[in-house]
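What the coordinates show
Here's the letter readout for the chains.
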Amino acid sequence: MSRLVVVSNRVPVPTPGVPPAGGLAVALSGAMQARGGLWFGWSGAKLPPGETEPSEPQVTTADGVTYAVIDLSERDLDEYYAGFSNRMLWPLFHYRMELTEFTRVSLSGYHRVNRLFAQRLAPMLKPDDVIWVHDYHLIPLAAELRAMGFRNRMGFFLHIPFPPPDVLTALPNHADVVRSLAAYDVAGFQTPIDVENFETYVRRERVGRRLPDGRFVAHGRAVTVEAFPVGIETDAFAAVAAASNRNALVRRVRESLSDRKLIIGVDRLDYSKGIAQRIQAYETFLLLDPEWRGRCVYLQITPKSREEVPEYAAMEREVAELAGRVNGAYSELDWTPLRYVNRTVGRNALAGLYRQAAVGVVTPLRDGMNLVAKEYVAAQDPENPGALLLSRFAGAAAELDGALMTNPYDVDGTAGALARALDMAVEERRERWSSMFRRIKEYDVTWWRESFLEALEKDDEAPPSTGRMALVR
Ligand SMILES: O=P(O)(O)OC[C@H]1O[C@H](O[C@H]2O[C@H](CO)[C@@H](O)[C@H](O)[C@H]2O)[C@H](O)[C@@H](O)[C@@H]1O
Ligand SMILES: O=c1ccn([C@@H]2O[C@H](COP(=O)(O)OP(=O)(O)O)[C@@H](O)[C@H]2O)c(=O)[nH]1
């Protein structure tokens, strides 16, 4: 078997006591440990001020995985990470054109760092390595490596949505972005809707066409383009949740609830997650369903994220204000309706908290997948599962047909759905949960990794299979 080389912007080199957070890190950590290989990317650290030349990769090995990471300069991070990746591609790919900021400077920093990644990675590559590149930060990496002469099989997986052409074409360099995707042998997306958006773009912009074998030919290369919805380690996560009464933090939270029903939300502090709209929906619910006052607690766990990006700082203020408003209006001396926590919680404790919660609220305005939704389902007690309230705009909605679907822009509708979730009879909860659990058990993180790598390692001549994912919706 060829060696697997994974490249992603952030590489969570295992650090005792520091859990990886963020869906990409969580999904790939398990996948890498199962298969081994090399994982290359940014260390998460900045070079000392004034230094501009990134170090040689720092290499460590743990659990059969070799981690090779480089520090990046302040300028590189400003332009490539906080700039083009997170002020242009992130908002645009989440359909938020009004939040984008395009500058030539950040675009050129984006290309410079992609070239740097290619240069630092190149000496470590062997001719038969299979290279798997992750996410929007690194779209041009294969083109850079190909320009240096590498002929390896290269695959790309986009963890965030691929927007419809009317949105994508607002990106001044959209044509280059799609040309860069054609340098890969496989381009994987989260859902069939993303594949459809790609296909519509290719057709409308006349840059390619579908081959009879299902691949796309664009810019002179044939690329397999398919949906590979990312999953979780369902069985392992369910087992941790089932044993969570041994976890001291989980026990403390349970005791603090004193029989009140728990509603849980877990999201990075990101405008795509719809946290402000969700708190407004909770406020409306407390207003319209007064019988629930004092009988439920909403716990919102929200680690801060990308604080160097101005839109994130603005959102941090907005959400904190809203949380204060709800608590100011509805708190009693012995009851606080909303617990808003800006801290990362370890996944073992999270598993137990999900299991405690009568309702999981996952209401992003747009999300590539959302692993929290799948983790909430995996963590439930099969005899008495909670209800999942899920945005129709999360990638996970294409699979989790047993969730109560909601439109997060409809605050009143979400408030009503929350009341319905809290009131749902156990028979209905069991029925909804069983179908979701079956789905995430079959399409888990192992399925995701194996099916992507199978497509990537397939002989070019063999027709790729299509329709790997059955769309529920
Ligand atoms: O590295 P950061 O800038 O701190 O951000 C954390 C990660 O956020 C995004 O995660 C996405 O991947 C998940 C797993 O496939 C998916 O469920 C979720 O919908 C996506 O938003 C981002 O795409 C990653 O690159 C970041 O590492
Ligand atoms: O305090 C926290 C918050 C989140 N997570 C994990 O981070 C991931 C978030 O992934 P998701 O796909 O939901 O969203 P992303 O942050 O990648 O956009 C999930 O596995 C969560 O369990 C965590 O471990 N601790």
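- Under an unreviewed UniProt entry, the name given to the chain is Trehalose-6-phosphate synthase, and the organism recorded is Methylopila jiangsuensis.
- On record in UniProt, under Pathway (unreviewed entry), the comment for the chain is "Glycan biosynthesis; trehalose biosynthesis."
- Quoted verbatim from the Function (unreviewed entry) field of UniProt, the annotation for the chain is "Probably involved in the osmoprotection via the biosynthesis of trehalose. Catalyzes the transfer of glucose from UDP-alpha-D-glucose (UDP-Glc) to D-glucose 6-phosphate (Glc-6-P) to form trehalose-6-phosphate. Acts with retention of the anomeric configuration of the UDP-sugar donor."

1. Some thoughts on the sheet that holds strand β13 (residues 338-341)
- With respect to topology, 6 strands assemble into an open sheet ordered β13-β12-β11-β14-β15-β16, the strand pairing being parallel. Bordering the open sheet on either side are β13 and β16 (404-406), each of which pairs with just one other strand. In this sheet, neighbouring strand axes are inclined to one another by 20° on average, regardless of whether the strands run parallel or antiparallel.
- Direction of pairing for strand β14 (residues 359-362) relative to strand β15 (residues 387-391): parallel, over a ladder of 4 bridges. Looking at the pairing, Gly360 lines up with Leu388 of β15.

2. A look at the environment of Phe93
- Turning to its location among the elements, Phe93 is positioned in helix α2 (residues 74-93).
- Discounting residues that sit within four places of it in the chain, Phe93 has contacts with Tyr136, Ile160, Pro161, Phe162 and Pro163.

3. Remarks on the site of ligand 2
- Surveying the vicinity of ligand 2 reveals 19 residues, the closest of which are Gly23, Val26, Thr344, Leu371 and Val372.
- Every element with two or more residues in the shell around ligand 2 is listed here: α1 (23-35), α12 (347-356) and α13 (371-378).
- Residues of the shell around ligand 2, tallied by class, amount to 12 nonpolar, 4 polar and 3 charged.
- Taken domain by domain, the makeup of the shell around ligand 2 includes at least three residues from each of domain 1 (4-231 + 446-457) and domain 2 (234-442).

4. Some thoughts on the sheet that holds strand β10 (residues 221-227)
- One open sheet accounts for 10 strands, arranged β3-β4-β2-β1-β5-β6-β7-β10-β9-β8; its pairing is mixed. Strand pairing shows two members of the sheet lacking a second neighbour, β3 (58-62) and β8 (208-210), which therefore form its edges. Sheet twist, expressed as the average angle between the axes of neighbouring strands with direction ignored, equals 25°.
- As defined by bridge partners, strand β9 (residues 216-218) adjoins β10 across 3 bridges and the pair is classed as antiparallel. Bridge pairing links Val217 to Ala222 in β10.

Procedures and definitions
- Residues numbered from 1 in each chain as written.
- Chains lettered and ligands numbered in written order.
- Predicted model: local features only at pLDDT ≥ 70, side-chain atom pairs only at ≥ 80, totals over all residues.
- UniProt positions renumbered as here; feature names shortened; annotations may be inferred.
- Pairing = 2+ DSSP bridges.
- Helix = DSSP H or I, 4+ residues; strand = E, 2+ residues; numbered from the N terminus.
- Axes fitted to C-alpha atoms, helices over the stretch in contact; angles between N-to-C directions.
- Contact = placed C-beta atoms within 7 Å.
- Near = placed C-beta within 6 Å.
- Nonpolar A, V, L, I, M, F, W, Y, C, P; charged D, E, K, R; others polar.
- Domains from an automatic or database assignment.

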